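Take a look at the letters that make up each chain.
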Amino acid sequence: MKTQVAIIGGGPSGLLLSQLLHTRGIDSIVLERKTKDYVLSRIRAGVLERGLVALMEEAGVAERMHREGYPHHGTMIAYGDEMFRLEFTKHTNHSVMIYGQTEVTRDLYEMREKTGGKIEYNVEDVVINDAKTDAPYVTYRVAGEERRIDCDFIAGCDGFHGVSRKTIPEDVRIEHEKVYPFGWLGVLSETPPVNEELIYASSERGFALCSMRNENLSRYYVQCDINDRVEDWSDDAFWAELKRRIPADQAANLVTGPSIEKSIAPLRSFVVEPMQWGRLFLCGDAAHIVPPTGAKGLNTAASDVNYLYNALRDFYEKDSIEGIDGYSQKALARVWKAERFSWWFSSMMHHFPGQNPFEQKMKIAELEFLRSNTAAQQAMAENYVGLPY
Ligand code: APR
Ligand code: PHB
C-alpha cells in the first residue's frame, strides 16, 4: 500500500491529524493496535482549550461539541474551607469547553468513517523503517498477514507505550521524567455536578477535583496513595474522603451515587527530545506526559498536531520544508510551557508524603497570593485556557 502520511495510533492525536490532512486532500492511513470500542472505552479529562476547539472546527467535527459541550468562563480553586473563582474570560477573553475526550474521539472516528478515512485496527508488530531517508515505510501484521505501507512521512501518535518514540536511537533521544509519589482515584457517577464550575481543592488530606461531563454525569477525583488498588476503595469510602477535602458548604451539596467507573492513574511528567527523527514525527503522549492537574494532556497533543498539520500542508501545498524541519523545536517550545504549568499546578495543590510544615505553608501562601493578585490570576488563566500556538 502507498499513502502520503502513515499515522501510527488511532487515539485522539492520530485521528485529528488524519482528519485535518483529509480536509486539504492529503492522504493518510491510521494503524491502531486495538479496536475502536477499546479506544472509546478509555475515560480521560474533559477540558478543551480554545486551540483544540478551533482545530475541531477546522477538521469539521465541532458540531456536536458546540451543541452538547459547556463553555466554562472560570474555575473554582479551594483550600480548606476557602474558595475563590479564577476568571478566564475576564483575564484572557477566552473560555474553555467542557466536552469529554471520549466524545472528541468518537466524533473523529465517525467523521473519518463518513469521509472514507482508512483505519486498520488490531495491527501487530508495527516497525518503522528508513525514517532517515525520503522513502520511509512501515511494516505490520494483521490477522497473521504481513503488510507494508510506503509513505512520505510517518506520524508517531501511538501514546506513551507505542513503538514510535523507541524508534529514535538511544544516542539521539533524551528523556526527561518526574514521577509523583501519589495517584488519582477517579469516579464517574450519574449524579448532578456539585458546582456549575470545576473545583480544584487542596486540603491537608490531599488534593480533590470535582469535574463533570454533563448535568447528570459527574467526574470526581481524590489524590490517593501510589500503592492503593481500586478494590480497596468502596464507593462510600470515596465519597466520604471527597467530602473531607472540599469546602464544607460544597460537601453539604454533594449528591452521591453508585460509581459507574472507578480507576487509579499515576502522575508523571515526561518529555522526549527531539520530537522528530528524519521523516518520523512524534505527537501527543508518544512524546510527552503531564500530570492531569489542569487537563493539558489532550490539549498539548492537539498543539503538536497543529504544528505537524501546518508543516505538512506547507510541504505539499507550497513545496516548503521549513515547517517540517522546524517541527520539533516549535512543538517542544510549547510542550515545555504546558509541562511547567501542569507541574506548578500539581505541586501547589497536592499533599506530598513527608512534606514539612514549611512546605505546607508555602502552598497556602501561593494560594493566598493567587487569590489576591490580579497578575497571578491572569498568568494562571492564560495557561489554563491555553497559550497561543
Ligand atoms: N501500533 C499501533 N497503535 C498503537 C501502538 C502500536 N505499536 N501502540 C499504541 N497504539 C495506539 C493505542 O492503542 C492508542 O489507541 O495508539 C493510541 C494512542 O492514543 P493515546 O494514548 O490516547 O495518545 P494520544 O492520541 O497522543 O492522545 C493524547 O491526551 O489526555 C491525554 O493521555 C491522554 O490519551 C490522551 C492524550
Ligand atoms: C476531568 O474532567 O476528567 C478532568 C478535568 C480537569 C482536570 C483533570 C481531569 O484538570
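Below: a short report on this structure.

The volume enclosed by the second largest pocket comes to roughly 270 Å³. Every residue lining the second largest pocket is counted, 16 residues in all, and those nearest its centre are G100, E103, R213, N214 and L217. At the level of secondary structure, the elements contributing two or more residues to the lining of the second largest pocket comprise α4 (63-68), α6 (101-114) and β15 (208-214). Residue composition of the lining of the second largest pocket, by class: seven nonpolar, four polar and five charged.

With that settled, consider the site of ligand 1. Residues in contact with ligand 1 amount to 25 residues; listed here are only the nearest, S13, E32, R42, R44 and D285. In the model, an oxygen atom of ligand 1 is placed 2.6 Å from a nitrogen or oxygen of the E32 side chain. Within the backbone of L298, an N or O atom sits 3.0 Å from an oxygen atom of ligand 1. For ligand 1, whose unbound accessible area comes to 700 Å², protein coverage reaches 92%.

Before going further, it helps to spend a moment on the sheet that holds strand β3 (residues 47-48). Sheet strands pair via backbone hydrogen bonds, and the direction of the pair is either parallel or antiparallel. If you trace the three strands from one edge of the open sheet to the other, you get β3-β7-β4, paired in antiparallel fashion. Single-partner strands in this sheet number two, and they are β3 and β4 (70-72). Sheet topology places β3 next to strand β7 (residues 96-98); two bridges connect them, and they run antiparallel. Within β7, the residue paired with V47 across the bridge is I98.

The topology assignment puts Y389 in the segment after α13 (374-385). Residue classification places Y389 among the partly exposed residues on the basis of a relative accessible area of 33%. Note: C-alpha distance between Y389 and M83 (306 residues apart in sequence) is 31 Å. Setting aside chain neighbours within four positions, we find Y389 in contact with G51, L52, L55, N299, A302, S303, N306, Y307 and R334.

Rules used throughout
Residues numbered from 1 in each chain as written. Chains lettered and ligands numbered in written order. Predicted model: local features only at pLDDT ≥ 70, side-chain atom pairs only at ≥ 80, totals over all residues. Heavy atoms only, no water. 1 Å grid on protein atoms, 1.4 Å probe; cavity = no way out; pocket = protein on both sides within 12 Å on 5 of 7 lines; lining within 4 Å. Points joined across faces, edges and corners; volume = space filled by probe spheres on them. Helix = DSSP H or I, 4+ residues; strand = E, 2+ residues; numbered from the N terminus. Nonpolar A, V, L, I, M, F, W, Y, C, P; charged D, E, K, R; others polar. Near = heavy atom within 4 Å. Polar contact = N/O pair within 3.5 Å; in protein donor to acceptor, adjacent residues only side chain to side chain. Areas by Shrake-Rupley, 256 points an atom, 1.4 Å probe, with all protein chains shown as cover. Pairing = 2+ DSSP bridges. Buried < 20%, exposed > 50% of the residue type's maximum accessible area, 1.4 Å probe, protein only. Contact = heavy atoms within 4.5 Å.

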